[in-house]
Structures are given as C-alpha cells and as structure tokens.
Amino acid sequence: MRIRSVYLAGGIKGFTNQQFRGWREEAEATFNLAGIGVFSPARKPLFGSDQIFFREDLREIKNADAVLVEYRNRFRNYTGTDMEIFYAYSIGIPVVAFVGEEKDWVLKCDCGKEHKGQAPSFWLKQTCDVVVPDMEMAIEYILSLNDKKYPEKYLN
Ligand SMILES: [Zn+2]
C-alpha cells in the first residue's frame, strides 16, 4: 500500500482555534516532508452549509489512503469524528487514533473537584489499526504503511 494522502479527523466545534488547528498544521508539515498530502477539514470556512461540509468530508475520506484521528479531549463530544472513523473503517481505509495519556484525562472543575474523563470506547480499538497516546506515534505508524514495516508494538 502506498500512502499518498491522509485525512485529519478530530474535534473542531467547541475547540479553540489552537486545539483544532495546531496539531493539524504539525501533522501536515510532517506528512508533506514525506511527500504525503492531507485533507484537513479545519481549512474549511467556519460558516457554510453543513450538508456541503458533510458531503465533502465523506468524499475526502473516501479519497484518502489513511485517516489520522485526534481523540485527546475526554470532555468533548466527538460525534462527527466517531462517524468519520466508522465510515473509513467500513470502506477499508486504515484509521489511526491518538488519545493522549490517561493521566491527562482529568478536568479541574469550577466546583473545586477534579473529574476524570471517560476512556475511549472499545469501538475505537475495534475500528482503528492502532490507538496510541501521542500524534508522533500515530504518524510513525501511518508512514510505516508505505514500507510495510508495521511496528508490532502498536498493533491492537
Ligand atoms: Zn465539578
């Protein structure tokens, strides 16, 4: 398999600009160095037809060779991301998610307590080739698909 383009899935709505754009820009720079292009939904205008965005996103996933998923925020809704993951999985496109470290899944709340976020659902592990803590590991796995050197330690 030759990876030529990667779709960058993850939270957008309810995230700050830095949260939804920062990692995508880093990932794009890394992939570009390896001669790989990206489809980034974060590049789309913030306002427009939801139906057009939805259809475009699905078309881009279909045209991608892999999907990289940001899934780090344990207190946000990832409904769109979840559906993108399942769509890619169901049409046989490799999906790789980075979920952060468990110790970071804690929210210091206004009520004075710390709340622990939910661990990702087992559906994530079933639909992703690999689920890893950080983006670098996830990108390393995608790049490894090009030369078929699968890092065994990441495989589910
Ligand atoms: Zn609270």
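Just above sits the structure.
Presented here is an overview of the structure given in this document. Just so it is clear, the structure is predicted and the values come from calculations on it, not from any experiment. (Residues numbered from 1 in each chain as written. Predicted model: local features only at pLDDT ≥ 70, side-chain atom pairs only at ≥ 80, totals over all residues.)

## Topic: the nonpolar core
Okay, step 1: If you look at the biggest cluster of nonpolar residues, it comprises 33 residues, and the most contacted ones within it are Val6, Val67, Leu68, Val69, Val96, Ala97 and Ala138.
Okay, step 2: Looking at this core, the elements with two or more residues in it are strand 1 (5-9), helix 1 (17-33), strand 3 (66-70), helix 3 (79-90), strand 4 (95-98), strand 7 (130-132) and helix 5 (135-147).
Okay, step 3: Sort the elements by how many residues they give to this core and helix 5 lands first, with five residues.
Okay, step 4: If sequence neighbours within four positions are ignored, Val69 has contacts with Ala9, Gly10, Thr81, Ile85, Val95, Val96 and Ala97. (Core = buried A, V, L, I, M, F, W, Y, C linked by C-beta atoms within 7 Å. Buried ≥ 20, exposed ≤ 12 C-beta atoms within 10 Å, placed from the backbone. Helix = DSSP H or I, 4+ residues; strand = E, 2+ residues; numbered from the N terminus. Contact = placed C-beta atoms within 7 Å.)

## Some thoughts on the packing of helix 2 (residues 50-63) against helix 3
Okay, step 1: The N-to-C vectors of helix 2 and helix 3 enclose an angle of 40°; their axes lie 10 Å apart at closest approach. Of the possible angle classes, the one that applies to helix 2 and helix 3 is oblique. At the point where helix 2 passes helix 3, the crossing takes the right-handed sense. Packed against helix 2, whose contacting residues are Asp57, Leu58 and Ile61, the element helix 3 presents Glu84, Tyr87 and Ala88 at the interface.
Okay, step 2: Considering only residue class, the contact of helix 2 with helix 3 consists of four nonpolar, no polar and two charged. (Axes fitted to C-alpha atoms, helices over the stretch in contact; angles between N-to-C directions. Parallel < 35°, antiparallel > 145°, perpendicular 65-115°, else oblique. Left-handed = near helix turned anticlockwise from the far one by under 90°. Nonpolar A, V, L, I, M, F, W, Y, C, P; charged D, E, K, R; others polar.)

## Concerning the sheet that holds strand 1
Okay, step 1: Taken in spatial order, the five strands of this open sheet run 2-1-3-4-7, and their pairing is parallel. Looking at which strands have only one partner, the edges of the open sheet turn out to be strand 2 (37-39) and strand 7. Ignoring which end each strand starts from, the neighbouring axes of this sheet average 25° apart.
Okay, step 2: Of the strands in this sheet, strand 1, strand 3 and strand 4 touch helix 3, which is tilted by about 155° from strand 3. (Pairing = 2+ DSSP bridges.)

## Observations regarding helix 1
Okay, step 1: Along its 17 residues, helix 1 runs 24 Å from first to last C-alpha, staying within 8% of the 24 Å computed at 1.5 Å per residue.
Okay, step 2: Buried residues belonging to helix 1 abut strand 1, strand 2, strand 3 and helix 5.
Okay, step 3: Note on helix 1: the residue one or two positions beyond its end, Gly35, has a positive phi of about 75°. (Expected span 1.5 Å × (residues − 1).)

## Here we look at the pairing of strand 3
Moving residue by residue along a regular strand, the side chains alternate between the two faces of the sheet.
Okay, step 1: Most of strand 3 is tucked away: five of the five residues are buried.
Okay, step 2: Side chains Ala66, Leu68 and Glu70 of strand 3 all project onto a buried face; the interleaved residues Val67 and Val69 project onto the opposite face, where all are buried too.
Okay, step 3: In terms of strand pairing, strand 1 meets strand 3 through four bridges, oriented parallel. Across the sheet, Tyr7 pairs through a bridge with Val67, a residue of strand 3.
Okay, step 4: By the bridge criterion, four bridges tie strand 3 to strand 4 in an arrangement that is parallel. Residue pairing in the sheet places Val67 in a bridge with Val95 of strand 4.
Okay, step 5: This β-α-β element, strand 3 to helix 3 to strand 4, shows right-handed connectivity. (Right-handed = clockwise from strand over helix to strand, strands pointing away.)

## Re the pairing of strand 1
Okay, step 1: Burial runs high along strand 1: four of the five residues are buried.
Okay, step 2: Bridge count for strand 1 against strand 2 is three bridges, and the pairing is parallel. Bridge pairing in strand 2 places Val6 opposite Val38.
Okay, step 3: What joins strand 1 to strand 2 is helix 1, and the crossover it makes is right-handed.

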